[in-house]
Amino acid sequence: MALFIDFPKQEMKETWKDTVGTIRSGRQDPHSNLPYSLPAWRFTADTAEICQTIADKYGGEVSEWVTKGSDRFEVLTTTETMDVDVLTFRSEMILWGQRKPMRVCDGQTRTDENHAGEPCKCAADFPVMWDRKTASREGEACMPQMQATMTLVDFPDLGTFKW
C-alpha cells in the first residue's frame, strides 16, 4: 500500500537548502549510539540566537552539541506541541545500502531513477505489512522515510525548518 496516495509529490531540493534549523523528536545516546525519542521537541540550528528565540517561547536551555553538520546549537524544549505551517512534505519507502538508497518506492511501485514504474520487491516478498515492517528493521525491505519543511506559526520570520 502506497503512503499518502493522493498527496502530491513535491520537489524539496530548493526549500531544503534554505533552512535555518531542524526540528527533531529524538537524539542519539552518546554511549550506545542508539536513537531514543524525547518527551518534547528538540531544535538544532547554526546560530545560538535562533535557539534562544525558540527557548524563550517553548522553554529549555541553549547548548552546543557534537555534530558533523553546521547546526551546532540545540535547545531541548519543554513543549510537546507547537503550531507549524507545513511548506513541503514528502514520503517514500527506502531500502538503504551502506551510504545510499538501494531501492526507493511508494510502497508498491519503484520510484528510483533506473527502475521507475517497476513493482517493488518488498510488496511481493512481504505482502503482510507486519512482515514487511519486521523485514525493514532487519535491512531486508524498504522502510518509511518522511521529510518536511515548515515555519513556526509563532515566528514565521525566523525562517524555514526541516523535519
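Note that the structure is predicted; figures quoted are calculated from it, not measured. Counting of residues starts from 1 at the beginning of each chain's written sequence and follows it residue by residue. Restriction of local features to residues with pLDDT of at least 70 applies here, the model being predicted, together with a cutoff of 80 or more for giving and counting side-chain atom pairs; totals for whole chains, interfaces and linings are based on all residues. The basis for every side-chain value is the complete set of non-hydrogen atoms in the structure, without hydrogens or water.

**Observations concerning the nonpolar core**
Logical step 1: Nonpolar core, defined: a set of buried Ala, Val, Leu, Ile, Met, Phe, Trp, Tyr and Cys residues in which side-chain atoms within 4.5 Å join the residues together. Burial status follows relative accessibility: with a 1.4 Å probe on protein chains alone, a residue under 20% of its type maximum counts as buried, one over 50% as exposed, and anything between as partly exposed. Ranked by size, the top nonpolar core spans 16 residues in total, and within it Ile-23, Phe-43, Ile-54, Val-75, Met-82, Leu-152 and Phe-161 carry the most contacts.
Logical step 2: Taken together, the elements giving at least two residues each to this core come down to strand S2 (35-45), helix H2 (48-58), strand S4 (73-76) and strand S7 (143-152).
Logical step 3: It only takes one pair of heavy atoms within 4.5 Å for two residues to be counted as in contact. Here Phe-161 is in contact with Thr-19, Val-20, Gly-21, Thr-22, Ile-23, Phe-43, Ile-50, Ile-54, Ala-148, Thr-149, Met-150 and Leu-152, once residues within four sequence places are set aside.
Logical step 4: By size, the runner-up hydrophobic cluster in this structure holds nine residues, among which are Met-93, Leu-95, Cys-120 and Cys-122. Going along the chain from the N terminus, every DSSP run of H or I of four or more residues is numbered as a helix, and every run of E of two or more is numbered as a strand.

**Topic: helix H4 (residues 129-137)**
Logical step 1: Considered for burial, the residues of H4 that qualify are Arg-132, Ala-135 and Ser-136. All buried residues of H4 project into a common sector of 100° when viewed along the axis, lining one side. Projecting away from the buried face of H4 at angles above 90 degrees are the exposed residues Trp-130 and Arg-137.
Logical step 2: Of the surrounding secondary structure, the elements contacted by the buried residues of H4 are helix H3 (121-125) and S7.
Logical step 3: Just downstream of H4, Gly-139 is the residue with a positive phi angle, here 75°. Arc, as used here, means the arc of the directions from the helix axis to the C-beta atoms.

**Considerations on H2**
Logical step 1: Among the residues making up H2, those that are buried are Ile-50, Cys-51, Ile-54, Ala-55 and Tyr-58. Taken end-on, H2 shows its buried residues confined to a sector of 135°, consistent with a single buried face. The outward face of H2, more than 90 degrees from its buried face, is lined by the exposed residues Glu-49 and Asp-56.
Logical step 2: Close packing links the buried residues of H2 with strand S1 (19-28), S2, strand S3 (62-64), S4, S7 and strand S8 (160-162).

**A closer look at the pairing of strand S6 (residues 101-105)**
Every regular strand shows the same layout, with side chains that alternate between the two sheet faces.
Logical step 1: Should DSSP find at least two bridges between two strands, the strands are taken to pair. Across four bridges, the pairing between strand S5 (residues 84-96) and S6 is antiparallel. Bridged to Leu-95 within S6 is Arg-103.
Logical step 2: Between S5 and S6, which pair antiparallel one after the other, the connecting turn spans four residues.

**Focus on the sheet that holds S5**
Logical step 1: Here we have eight strands laid out as an open sheet, ordered S3-S4-S2-S1-S8-S7-S5-S6, and mixed in their pairing. At either end of the open sheet lies a strand with only one pairing partner, and these are S3 and S6. Neighbour to neighbour, the strand axes of the sheet diverge by 35° on average, direction disregarded.
Logical step 2: Two strands pair when backbone bridges link them, and S7 and S8 are joined in this way by two bridges, in the antiparallel orientation. Residue pairing in the sheet places Thr-149 in a bridge with Lys-162 of S8.
Logical step 3: Think of each axis as a best-fit line through the C-alpha atoms, taken over the contacting stretch in the case of a helix, with angles from 0 to 180 degrees between the N-to-C directions. Contacting S1, S2, S3, S4, S7 and S8, H2 crosses the sheet at an angle of about 10° to S4.

**As for the packing of aromatic side chains**
Logical step 1: Between the rings of Phe, Tyr and Trp (Trp by its six-membered ring), a pair exists once the centres lie within 6.5 Å; its type follows the angle of the planes, with under 30 degrees stacked, over 60 edge-to-face, and the other angles tilted. A complete count under the given rule lists three aromatic pairs for this structure.
Logical step 2: Judged by centre distance (5.5 Å) and plane angle (80°), the rings of Phe-43 and Phe-161 are edge-to-face. Residue Phe-43 is located in strand S2, and its partner Phe-161 is located in strand S8; the two are separated by 118 residues in the primary sequence. One exposure class covers both Phe-43 and Phe-161, and it is buried.
Logical step 3: With a centroid separation of 6.5 Å and an interplanar angle of 90°, the aromatic rings of Tyr-58 and Phe-155 are classed as edge-to-face. Residue Tyr-58 is located in helix H2, and its partner Phe-155 is located in the loop between S7 and S8; the two are separated by 97 residues in the primary sequence.
Logical step 4: In this structure an aromatic cluster arises from ring pairing among Phe-43, Tyr-58, Phe-155 and Phe-161.
Logical step 5: Charge-over-ring placement is defined geometrically: NZ (Lys) or CZ (Arg) within 6 Å of the ring centre, and within 35 degrees of the ring normal. In this structure, Arg-42 packs its charged tip against the face of Trp-65, placed 4.4 Å from the ring centre.

**A word on the environment of Lys-133**
Logical step 1: Along the chain, Lys-133 turns up in helix H4.
Logical step 2: Given the relative accessible area of 38%, Lys-133 is considered partly exposed.

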